[in-house]
Amino acid sequence: MNPITWILKKILGSKNQRLVKSLRPVVAQINKLEQEFRSLSDEQLRAKVAKWKEELKPLEWSAQQEYLDRILPEAFAAVKNAAFRLNERKAAFTVCDQPMTWAMVHFDTQLIGGYCLHKGKIAEMATGEGKTLVATLPLFLNGLTGRGSHLVTTNDYLARRDAEWMGQLYKFLGLTVGIIQHDQSPDLRREQYACDICYGMNSEFGFDYLRDNGMATSKEQQVQRGHWFAIVDEVDSILIDEARVPLIISGPVTVSTHQYDKFKPLVEQIVKKQTMLCNRLATEALQLFEQGDADPKAGPVAKGKASEFSRTEEAARIMCKVKWGQPLNKGYLRAMEDAEKRKAIEKMELSFYADVRKEEMWKLKEELLFTIDQRAHEADLTEQGREFMSPGDPDAFVLPDLPTAFAEIDGSTELTDAQKIEAKAKAQEQMNVQSERIHNISQLLRAYCLYEKDVHYIVAEGKVVIVDENTGRTMPGRRWSDGLHQAVEAKEGVQIDKETQTLATITVQNYFRLYRKLAGMTGTAETEANEFHDIYKLDVAVIPTNRPCVRKDGNDLIFKTRREKYNSVVKEISEAHAKGQPVLVGTASVEASELLSRMLQRAKIPHAVLNARLHQQEAEIITRAGQKGQVTISTNMAGRGTDIKLGTGVAEVGGLYVLGTERHESRRIDRQLRGRCARQGDPGYTRFYVSFEDDLMRNFGAAERMTKLMERFGMQEGEALEHSWLNKSVETAQKRVEQRNYLIRKRTLEFDDVMNKQREIIYGWRNEAINTDDPRALLYEVIDDRIPEKVSEFFPDGDAPQLEELLRWANVTFPVAVDKAALEGKTEEEVAAVLTERVKKAYELKSQHEVPDAVANIERYITLTAIDKLWQDHLYGMDGLREGVYLRAHGQKDPLIEYKQEAYKMFEALMGAISDEVLHNLFRSTSNIMAFEQFLANLPQFLSAPDESSITGGVSAPAEPEPAPEPEAQIQLPARREAPKVGRNEPCPCGSGRKYKDCCGKKA
Ligand SMILES: Nc1ncnc2c1ncn2[C@@H]1O[C@H](COP(=O)(O)OP(=O)(O)OP(=O)(O)O)[C@@H](O)[C@H]1O
Ligand SMILES: [Mg+2]
């Protein structure tokens, strides 16, 4: 920190301290009001609530917010007073089928937390501070509007527990509370959403949104009613950790292009071959290491540049190759355990990145079949690998150089223009085939070499289910994108889900960005404050604890190997266990939990293992984790949100001991684990055990410096390093990873934003079709927009209008029977007006024969089917585009910009196509056959004797455009109409911030 900032902070206090200080008067006011309320009867208290509700009902959103701000002290006081009454009466009830008694009244710090949530901030409050109760204040306050305030949890069990528990307060005050659970029917869900306050798990909210907007075809099928105010519990977990995998609803696919099945046997062989090669290399290198440089009798260096390298160096050089070819090779990992060897290897690898040796590195890599970058999660075939995959035609796996090919075609003197276009199309097609193939292979290589069964995924009931690496939670229904999921399915030999395609998809982040006001709570947000601010416009407020925290955090213990680390962990646990101190052991993966459990079994230490799979049972186990002598192993996620209270006599032996067996990639998750102990002023102790073999240390540690240290201290088997500045260097490594992960998430989001804008427009249109009372107006809008566009296609600049073609199009699309005479001599605008008017008249004539009750539904249906049919194809195309731009990224172009431009063009085409589909179906949908026949029966007459005056209603005066229905707040109608028609000087709708003419509109 810069010294001046430091001094200012000392004097003024941090931003947070100032915030908390500024809220003291409000807190005092709430408490004073609460005292006064004690003299009211229950009925009088409820009457206050009823009056607020009544007065809020007719107001607009922003007026409601002002009103809520005004009554906040009273409303918070009412909630606190309700808690006071329930507490006095020892109110009894059941929560998740367990009997329970009310025993809480809001603390001052909780009032502050509640205030921040109402203001749309993230309240960081340590574990055990009672965030569940904090949320009741803003939920009640915002629930008064009747719009539905949502509380979002990380699992179904917590949604039910918290709703049933906190529901006591809401019900007491006269508000309704709903609970969304996984297995509910749509009808039941709708009832829950209709409540003033609704609790549910994050993906349930997201999937309901997708079903409502992407699948439902009538208002009756929709369950949600807008997105106004939401509080996300464990907000870091939901908005940051879960952000990488989108929610997807999929359905049957029409075309399938992947060839995973076809390439699987080849990839299997090539992986096997490379494994053998790397094993051999590793053995060779280990031998060289053993011989060492000191003893000249050991013979000369095996081969190669004997003069340039010592034996150790040669060994290191070979090991580098092993690492590039098989990062998880056992021999390589073993070498890395040894300080000397590790140092030599790392030095060697570093030297390869110097410019003078880059070429040598490429040469070494070419001796492999493929290379894998564990950090960048990338896999590439080498020349040899390509030859192996496709003998005689290694170019099958090289991307053709399209720009050069195009230039050659353009420069050709032999080809006609038409032939040139054809030749280019062919080259493009060739490119697509190649890139698909390369992509398939690369994904398969990743699936085989970087994704491990039971670590990254499990196979259950013939399906590949993703396991969140950080939390150990399985994520059913989620899929890796970009074909990786299919590649893993191919690897595991389960049914490849080629039969499905995305019907609707949204990322969790984008779902939550729908809310007018969003707030969050968690024990750990501070380290990610920038990200919350940049992406969600959420500020973090750190709320002080109710009682001072007396937790002690020990220095990290750093071991050479995992084995030594775990042995030491088991020893430590058994010592704590012997003196009766409960231990909560945190692991970074399910695999590690299981390993540790086996070791504890051997040491005869009774323990429980939690993997965040069975939420309710786990919550029950973890409530007992603070009892005397308990040992509980848990992955990061397990039991989160459940309070660990200390058993009797535990405080005397130091309170709960939280032992981390690995530093996590992000500091936040470590803090979360530490925070599990020392709640509400309890004693507690935490310590992390780390080894140089941990992923974090291997990939991002300051390995060089650490290795030196290990040598200097001459560490013996089982010994550990410990120093406060070692903690710092571990944290530096974490910061580096955090930064990288943030950039990845941001990039994903930037791509997703493009889709998000399109989704908003399409869902807005769809929703309007579902909800409007006048669906015909929507159809007329399409007519008004599209017919002039079409007409202009037949009025080429400078040339004579192509009236014949225009007539053909018009008469094929609509039964309007226009003849040339009606259009001749008219301007483009006049022609468009004639057609528009005739189509509308004809349509009105047609609808007169329909069953009146059915007309509106048919009209809705025309819009809906057109959107659904084409939007899903579009989603499919967008998937392809996203893959494609990465493959094209070899040049200088930024894939994101390419993606935005292409996506915009595709969307423009989509909007045109939907309009055309609507026009096409206008006269082809009827309520029944009879109506249709009647209509047809009337047609000949109409066709043969077009009565100009009665049909067009005057040619020269263009009809007044149908007034658009009043758009509802959440419907993006203007965006829909504007999207395809952007002024050249307006900001580009792709969101780049530049003018349309300088961005997507450049080529258009
Ligand atoms: N005002 C209060 N008075 C007494 N007990 C309280 C009060 N507020 C909360 N508690 C108790 O504190 C415990 C922890 O509450 P809660 O689970 O809401 O904490 P949390 O902040 O959500 O923690 P976590 O970060 O673990 O989710 C609960 O047992 C609850 O009954
Ligand atoms: Mg909680």
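Cut-offs applied
- Residues numbered from 1 in each chain as written.
- Chains lettered and ligands numbered in written order.
- Predicted model: local features only at pLDDT ≥ 70, side-chain atom pairs only at ≥ 80, totals over all residues.
- Heavy atoms only, no water.
- Core = buried A, V, L, I, M, F, W, Y, C linked by side-chain atoms within 4.5 Å.
- Buried < 20%, exposed > 50% of the residue type's maximum accessible area, 1.4 Å probe, protein only.
- Contact = heavy atoms within 4.5 Å.
- Helix = DSSP H or I, 4+ residues; strand = E, 2+ residues; numbered from the N terminus.
- Axes fitted to C-alpha atoms, helices over the stretch in contact; angles between N-to-C directions.
- Parallel < 35°, antiparallel > 145°, perpendicular 65-115°, else oblique.
- Nonpolar A, V, L, I, M, F, W, Y, C, P; charged D, E, K, R; others polar.
- Patch = residues over 30% accessible without salt bridge, like charges linked within 9 Å, V, L, I, M, F, W, Y side chains within 5 Å.
- Areas by Shrake-Rupley, 256 points an atom, 1.4 Å probe, with all protein chains shown as cover.
- Salt bridge = Lys/Arg side-chain N within 4 Å of Asp/Glu carboxyl O.
- Lys, Arg positive; Asp, Glu negative; His and termini not counted.
- Charge placed at Lys NZ, Arg CZ, Asp CG, Glu CD.
- Phe/Tyr/Trp six-rings, centres within 6.5 Å; stacked < 30°, edge-to-face > 60°.
- pLDDT = per-residue confidence, 0-100.

## Quick word on the nonpolar core
Most often, soluble globular proteins keep nonpolar side chains buried together rather than apart. Among the nonpolar cores identified, the biggest contains 90 residues, and Phe512, Phe532 and Leu806 are the most heavily contacted of them. Non-local contacts of Phe532, meaning those with residues more than four positions away in its chain, are made with Ile122, Val235, Asp236, Leu239, Ile240, Ala525, Lys537, Leu538 and Val540.

## Description of the environment of Glu242
Following the sequence through the fold, Glu242 ends up in the loop between helix H12 (235-239) and strand E8 (247-252). The exposure class assigned to Glu242 is buried, which follows from its relative accessible area of 6%. On a C-alpha basis, the gap between Glu242 and Gln509 in space is 8.8 Å, while along the polypeptide they are 267 residues apart.

## Some words on the packing of helix H11 (residues 202-215) against helix H30 (residues 724-771)
Running from N to C, H11 and H30 point in directions that differ by 65°, and their axes come no closer than 8 Å. The orientation of H11 with respect to H30, classified from their angle, is roughly perpendicular. Touching Tyr209, Leu210, Asp212, Asn213, Gly214 and Met215 of H11 are Tyr763, Arg766 and Asn767, all from H30. Within the contact of H11 with H30, the residues separate by chemical class into four nonpolar, three polar and two charged.

## So, a negative patch on the surface
A cluster of acidic residues, Glu452, Asp454, Glu591 and Glu594, forms a negative patch at the surface. Relative to the assigned elements, Glu594 resides in helix H25 (residues 590-602).

## Topic: the pattern of salt bridges
A side chain of one charge can pair with a side chain of the opposite charge if their charged atoms are brought near each other. Per the stated rule, a full pass over the model turns up 53 salt bridges. Among the ionic pairs, Lys48 bridges to Glu74, the shortest N-O distance being 3.5 Å. With a gap of 26 residues between them, Lys48 in helix H4 (residues 42-56) and Glu74 in helix H5 (residues 61-88) connect regions that are remote in the sequence. The shortest N-O distance in the salt bridge between Arg679 and Asp682 comes to 3.7 Å.

## What to know about the packing of aromatic side chains
Aromatic rings considered in pairs are described by the distance between their centres and by the relative angle of their planes. Summed over all chains, the structure comprises 16 aromatic pairs. For the pair Tyr511 and Tyr515, a centre-to-centre distance of 5.6 Å together with 85° between the ring planes defines the contact as edge-to-face. Relative accessible area serves as the criterion here: at 1%, Tyr511 is assigned to the buried category. Centre to centre, the rings of Tyr763 and Trp871 are 6.5 Å apart; their planes meet at 65°, and the pair counts as edge-to-face. Taken together, the positions of Tyr763 in helix H30 and Trp871 in helix H35 (residues 852-888) put the pair 108 residues apart, joining distant regions of the chain. Relative accessible area serves as the criterion here: at 2%, Tyr763 is assigned to the buried category. Overall, Trp871 belongs to the buried group, its relative accessible area being 4%. Three or more aromatic residues joined by ring pairs make a cluster, and in this case those are Tyr209, Tyr511, Phe512, Tyr515, Tyr763 and Trp871.

## Overview of the confidence of the model for the protein
Here the protein averages 82 in pLDDT, and 84% of its residues register 70 or above. Low pLDDT, under 50, characterises residues 302-307; the predicted model gives this stretch three contacts beyond four residues in sequence or across chains. This stretch, residues 939-981, has a pLDDT under 50; its non-local contacts, to residues over four places away or in other chains, come to 56 contacts.

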